[in-house]
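Results of the structural survey
Given next are the chains, with one letter for each unit.
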Amino acid sequence: MQSLILRTATRLLVSLILVFSIYLLFRGHNSPGGGFSGALVAGTGFALYIIAEGAASVRRAIRIDPRHLIVFGLGLALVSGLVAVFTGKPFLTGLWGTVAELPDYKLVLGTPFLFDVGVYAIVLGTILTIILALEES
Amino acid sequence: MGVSLKHRTEWIVRASCILPLVLFLGACAMVPAMAAGESYRLSISWIPALGVNLSFMLDGLSIFFALIISAIGFFVTIYAVDYLHGHRDTGRFFIFLHAFMISMLGLVTADNVIALFVFWELTTIFSYLLIGFEHEEEASRKSARQALLVTGAGGLALLVGFLLLETISGTYEISRMVPQASLIGAHPLYGAVLALIFVGAFTKSAQFPFHFWLPNAMAAPAPISAFLHSATMVKGGIYLLARFHPILGGGGAWTCTLMIIGAVTAVGGSILAMGQSDLKKILAYTTITALGIMTMFLGGKTTPSLTAAMTFLLVHSLYKSALFLVAGIIDHQTGTRQLEKLGGLLKFMPATAFAAVAACLSMAGFPLFFGFIGKEIMYKGALAEAMCPELAAGAAVLSNALMTAVGGILVVRPFLGRPVGYQAPVRETTFFMWCGPVVLGGLGIIFGIVPDLVGHWLVGPAVHAFHFSVEDIKLSLFHGINEPLLLSIMTLTLGVGFYLAHRRLFQWINAAAEKIPVTADRVYDGCVGSVARLGRLQARIIQNGSLHRYFFIVAATFLFAVGYGFLSRAQAFPEVMPPLLAWREWLLVIVISAAVITVLVTRILLLAICALGVIGAGLAIIFLTFGAPDLALTQLLVETLTVVIVSMILLRLPGLGSQARNHRGRRLFDALLAAGTGILVTTLLLALLSTEMDRSITAFFEQNSYLAAHGKNIVNVILVDFRSMDTLGEIIVVATAGLAGYALIKKRGSG
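Residues numbered from 1 in each chain as written. Chains lettered and ligands numbered in written order. Predicted model: local features only at pLDDT ≥ 70, side-chain atom pairs only at ≥ 80, totals over all residues. Heavy atoms only, no water.

Helix and strand counts for chain B stand at 33 helices and 2 strands. With respect to the principal axes defined by its C-alpha atoms, chain B has extents near 110 × 60 × 55 Å. Of all 751 residues assigned to chain B, the portion counted as buried reaches 50%. Residue pairs in contact within chain B that sit at least 24 positions apart in sequence constitute 78% of those at least 6 positions apart. When the accessible surface of chain B is totalled, it reaches about 35400 Å², and 71% of it is carbon and sulfur. Each charge class in chain B was averaged separately, 48 positive and 38 negative side chains, and the resulting centres sit 12 Å apart. (Helix = DSSP H or I, 4+ residues; strand = E, 2+ residues; numbered from the N terminus. Buried < 20%, exposed > 50% of the residue type's maximum accessible area, 1.4 Å probe, protein only. Contact = heavy atoms within 4.5 Å. Areas by Shrake-Rupley, 256 points an atom, 1.4 Å probe, with all protein chains shown as cover. Lys, Arg positive; Asp, Glu negative; His and termini not counted. Charge placed at Lys NZ, Arg CZ, Asp CG, Glu CD.)

What follows concerns the overall build of chain A. The helix and strand tally for chain A stands at 5 helices and 2 strands. Beginning at the N terminus, the succession of helices and strands in chain A can be written as α-α-α-α-β-β-α. Seen through its C-alpha atoms, chain A measures out along the principal axes to roughly 55 × 35 × 20 Å. Within the span of chain A, comprising 137 residues, buried residues form 45% of the whole. The long-range fraction of contacts in chain A, counting pairs at least 24 apart against all pairs at least 6 apart in sequence, stands at 61%. Approximately 6900 Å² of chain A is accessible, and the part contributed by carbon and sulfur atoms is 70%. Once the 9 positive and 7 negative side-chain charges of chain A are each reduced to a mean point, those two points are 4 Å apart.

A separate point is the environment of Val 599 of chain B. With respect to the element layout, Val 599 of chain B can be found in helix H26 (residues 583-601). Between the C-alpha atoms of Val 599 of chain B and Met 725 of chain B, which are 126 residues apart in sequence, the distance is 38 Å.

With that out of the way, let us pick up the interface of chain B and chain A. Contacts between the two partners involve 39 residues from chain B, matched on the other side by 43 residues from chain A. Summing both sides of the interface, chain B and chain A together bury roughly 3600 Å²; the carbon and sulfur share of this comes to 75%. Scanning the region where chain B abuts chain A turns up 0 salt bridges. For the pair chain B and chain A, the interface holds 8 residue pairs in polar contact (both at pLDDT 80 or more). Of all elements in the fold, only helix H28 (629-652), helix H31 (696-709), helix H32 (714-722) and helix H33 (724-749) of chain B reach the threshold of two or more residues within the side of chain B that touches chain A. In terms of residue count, the dominant contributor to the side of chain B that touches chain A is H33 of chain B (15 residues). The residue inventory of the side of chain B that touches chain A, partitioned by class, reads 23 nonpolar, 10 polar and 6 charged. (Buried area = accessible area lost by both parts, 1.4 Å probe. Salt bridge = Lys/Arg side-chain N within 4 Å of Asp/Glu carboxyl O. Polar contact = N/O pair within 3.5 Å; in protein donor to acceptor, adjacent residues only side chain to side chain. Nonpolar A, V, L, I, M, F, W, Y, C, P; charged D, E, K, R; others polar.)

On to helix H15 (residues 279-298) of chain B, then. Residue and element names in this part refer to chain B. Its 20 residues give H15 an end-to-end C-alpha distance of 29 Å, which sits within 8% of 28 Å, the value for a rise of 1.5 Å per residue. Where burial is concerned, most of H15 is hidden: 19 out of the 20 residues are buried. Between the side-chain oxygen of the N-cap and the backbone nitrogen of Lys 280 there are 2.9 Å, and the N-cap of H15 in question is Asp 278. (Expected span 1.5 Å × (residues − 1).)

By the definition in use, this model includes 16 salt bridges over all chains. Its salt-bridge partner being Arg 11 of chain A, residue Glu 53 of chain A comes within 3.9 Å of it at the nearest N-O pair. Here Glu 53 of chain A is found in helix H2 (residues 35-53), whereas its partner Arg 11 of chain A is found in helix H1 (residues 4-27), with 42 residues between them in sequence. On the accessibility criterion, Glu 53 of chain A (23% relative accessible area) is partly exposed. When the shortest N-O distance is used, the salt bridge between Arg 41 of chain B and Glu 173 of chain B registers 2.5 Å. With Arg 41 of chain B in strand S1 (residues 40-47) and Glu 173 of chain B in the loop between helix H6 (138-169) and helix H7 (174-177), this pair connects stretches of sequence that are 132 residues apart. One network of salt bridges, with partners in common, ties together Arg 7, Arg 11 and Glu 53 of chain A.

Glancing now at a nonpolar patch on the surface. Residues and elements named next belong to chain A. A cluster of nonpolar residues, Val 99, Leu 102, Tyr 105, Leu 107 and Leu 109, forms a patch on the protein surface that exposes about 510 Å² of accessible area. Mapped by element, the contributors of at least two residues to the nonpolar patch are strand S1 (96-102) and strand S2 (105-110). No other element matches the 3 residues that S2 contributes to the nonpolar patch. Structurally, Leu 107 can be placed in strand S2. (Patch = residues over 30% accessible without salt bridge, like charges linked within 9 Å, V, L, I, M, F, W, Y side chains within 5 Å.)

The next point concerns the packing of aromatic side chains. What describes a pair of aromatic rings is the distance from one ring centre to the other and the angle between the planes of the rings. All names here are of chain B. Evaluation of the coordinates by the stated rule reveals 22 aromatic pairs over all chains. Pairing Phe 65 with Tyr 239 gives two aromatic rings, centres 5.1 Å apart and planes at 80°, and the pair type is edge-to-face. Highlighted residues: Phe 65 in helix H3 (residues 60-83) and Tyr 239 in helix H12 (residues 236-243), separated in sequence by 174 residues. The class of Tyr 239 is buried, set by a relative accessible area of 1%. Between the aromatic rings of Phe 93 and Phe 94, the centroid separation amounts to 5.2 Å while the plane-to-plane angle is 75°, which identifies the pairing as edge-to-face. Summarising the burial analysis for this pair, Phe 93 and Phe 94 share the class buried. Across the ring face of Trp 11, the terminal group of Arg 14 is positioned such that the distance to the ring centre comes to 5.6 Å. Positioned above the aromatic ring of Trp 120, the side-chain terminus of Lys 204 is 4.8 Å from the ring centre. (Phe/Tyr/Trp six-rings, centres within 6.5 Å; stacked < 30°, edge-to-face > 60°. Lys NZ or Arg CZ within 6 Å of the ring centre and 35° of its normal.)

Here we take up the domain arrangement of chain B. Residue and element names in this part refer to chain B. Assigned domains within chain B: domain 1 (1-248), domain 2 (251-500) and domain 3 (695-751). If you average the C-alpha positions of domain 1 and of domain 2, the two centres end up 22 Å apart. The partner domain 2 presents 52 residues to the 51 residues of domain 1 that form the contact. Between domain 1 and domain 2 the total buried area reaches about 4400 Å² when both faces are included, carbon and sulfur atoms providing 79% of it. (Domains from an automatic or database assignment.)

Residues and elements named next belong to chain B. Residue Phe 208 is joined to Pro 209 through a cis peptide bond whose omega torsion reads 5°. Mapped onto the fold, Pro 209 is located in the loop between helix H9 (190-204) and helix H10 (213-216). Even without a glycine there, the phi angle at Ala 206 is positive, about 50°. The backbone of Leu 368 shows a phi angle near 80°, a positive value even though the residue is not glycine. Relative to the assigned elements, Leu 368 resides in the loop between helix H17 (350-364) and helix H18 (370-384). Judged by its relative accessible area of 56%, Leu 368 falls in the exposed class.

Ranked by size, the top nonpolar core spans 180 residues in total, and within it Phe 64, Phe 162, Phe 244, Leu 248, Leu 298 and Met 310 of chain B carry the most contacts. Per element, the largest residue contribution to this core is 18 residues, and it comes from helix H16 (residues 303-334) of chain B. Summarising the domain contributions, this core has at least three residues from each of domain 1 (1-248) and domain 2 (251-500) of chain B. Setting aside anything within four residues of it in sequence, one finds Phe 244 of chain B in contact with Val 113, Phe 162, Leu 165, Ile 174, Met 177, Gly 249 and Trp 254 of chain B. Among the nonpolar cores identified, the runner-up in size contains 41 residues, and Val 41, Ile 70, Ala 77 and Ala 121 of chain A belong to it. (Core = buried A, V, L, I, M, F, W, Y, C linked by side-chain atoms within 4.5 Å.)

Below, the discussion takes up the side chain of Asn 400 of chain B. All names here are of chain B. Relative to the elements of secondary structure, Asn 400 occurs in helix H19 (residues 389-415). We classify Asn 400 as buried; its relative accessible area is 3%. Sequence-distant contacts of Asn 400, that is, excluding residues within four places in its chain, are made with Ile 293, Lys 375, Met 378, Tyr 379 and Thr 491.

This is the structure:
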């Protein structure tokens, strides 16, 4: 679609949407959001990009094959579960560690976050795989 | 670069022989403890809630098998490197080979029956991958599938048998079932357990009538036949029978079934072996014979009978794997495995010929060879049998005599006799290829010289592990002039007779085989064919490619199944309260209703899709007003993407003037179905609202979300922590659906 307005707006919007998607992923544990919603937002952003610029430029922009993203996500989710197994706990038990402790704030990170990133990668990978394939068919 | 990569792969796979070697040395180190009658257990909890553990037990029987598996695994590994020289899938072959070996070792050491089942099926799967290694050939794929289906079905029967055993004995651990043998034997389910375990063992060990997959499995490369289909995997069933002998064995049903099936398999296999001309097929049928003999002797319960089974297992593993490797060498060097195209190879390949002669003499049971001792103890066992010793002895003599003849054929025809004109000059193979058969064949001689050591260190502990008697197990070369010796002499005489007549027997057997109307192979083809026909039929009815039909079936099934369930239980129609809505909510109702009407009346698909999106967005706002922001967010995003993706598809489709939509009767029917489903769902929701909510789970999540899982967003904590196993399942579905969708789109695109 050759629309100057859409293309110009897309430039601005897509980057905002992607940042928002990452923001959703990070805040998910404490406020609405999470890997799944984050990935859907990113998927919408890429869909917009495809409509404005075509599939080829999206492929160039993301550099990696989205199918690899699916495999990476599955692997990450599995690894996040296996970490617990190696410490002798049941598969997928959440493990937490304090990363930084400030006077009135504590930052803890755990394997569930890795798992959420895995979900993000799989969902985004699936959406991209399908819409790119549709657009190129 | 390609060349150096291949070279490097070859070195890596050659080095991988260290794995079986280390395992073999480890098993050797255990031998003295086993001979002293000790056993070790190791248990790792796996699914403790269900009593399923990864528990392993090392006893004489396990170590006996582990020694055979790792030793032959070592020789097969170094052999296969040169056998496959230059093959593009060398790396894959060795990964399968070693994975198979590990699974097989797991199978013979597992103490928990569920773990045993898992290893059992793993061996089946790797056998499938290895038989089908040359996957570009139709025959390979067919044979691999056949072996998978037959042994896989047997594995399922085995699983059911194990589950029944657990309900009887209350444990999954074999070592804890053994003390309850009398309880199990008296239980009404004993017969069912026995039958199921037999099906598992018989399919794996190629007993009649499940024998047919083994000759077909000869499509596998020779080292695989040597390893899986003579020495290890097919002995899995024998191992199972031995392992369960103290739990299920000894009764009339046990003895009778094993003796008859074993005898039929042994005699039938050896007769069919005489009717083959392909080296590997001959070996496959004699393997069936050998497995039949072992099954037959495991039917007994006396020490000589069980000793015979285990001794013969060792004898057979040595000579048969050597012979398969030799057959592979012959095929590799001359390009043929057909007997009539071979001859005079002794001159060209002295080392291979030595291995073949030693192995064949062991197979034929010549005095001084280990095979002779195996045969002596076999006759002793047969005569000690409580139930019809004549049958056992007769079957053993007949099949041994035929095997003697086969041994003669295998030595004389390819190696002696006239040299045949070969296309290219035939040379001896490499050291790595002939050393395996030479050592394995040579062991037949060495074990024949020191039978008492073999009896004391290997066979004795193996037998005592599943046969609790104080009787000493002694193997020796000469027992004096007695009945077994006479039977041995009779066997050799008969064998020579069969050998001399083998060309005539070959014709007779093939002529007779053509007249048999029903063979197990054809029954198998019939079964597989009818399953395929059933599949086609159901696909034609419920999966005809019309999206309308799919939706219709799903909705109708839901309506009738859930509707029936609800109506049969509901006492009264749920009370309907007139909704008290704020003006904003009325606005939503109006917007959603308008969108619904648009979907129903419009003929423009794009508009319909957008209207559906409006409905979804409206629902999202409803979620938001009732305090479910996470749900609302996800709903909104999903709706947006759905509209985008479906529009992308629709833009590509030809415009649907749609005959379907014009068909009045069908439209009415669809409308009724849709209305019915809508009413049902609404009623269900109303019914749900009129009941008390169980808040115990909600309360648990509320309490623990932040304390245990460091998250304030309960929905997300449930998704990624409390119920992450569910999520894992869901993302696997998402990934699979994505890849499947990709494949479909690409397939359509390419025509």
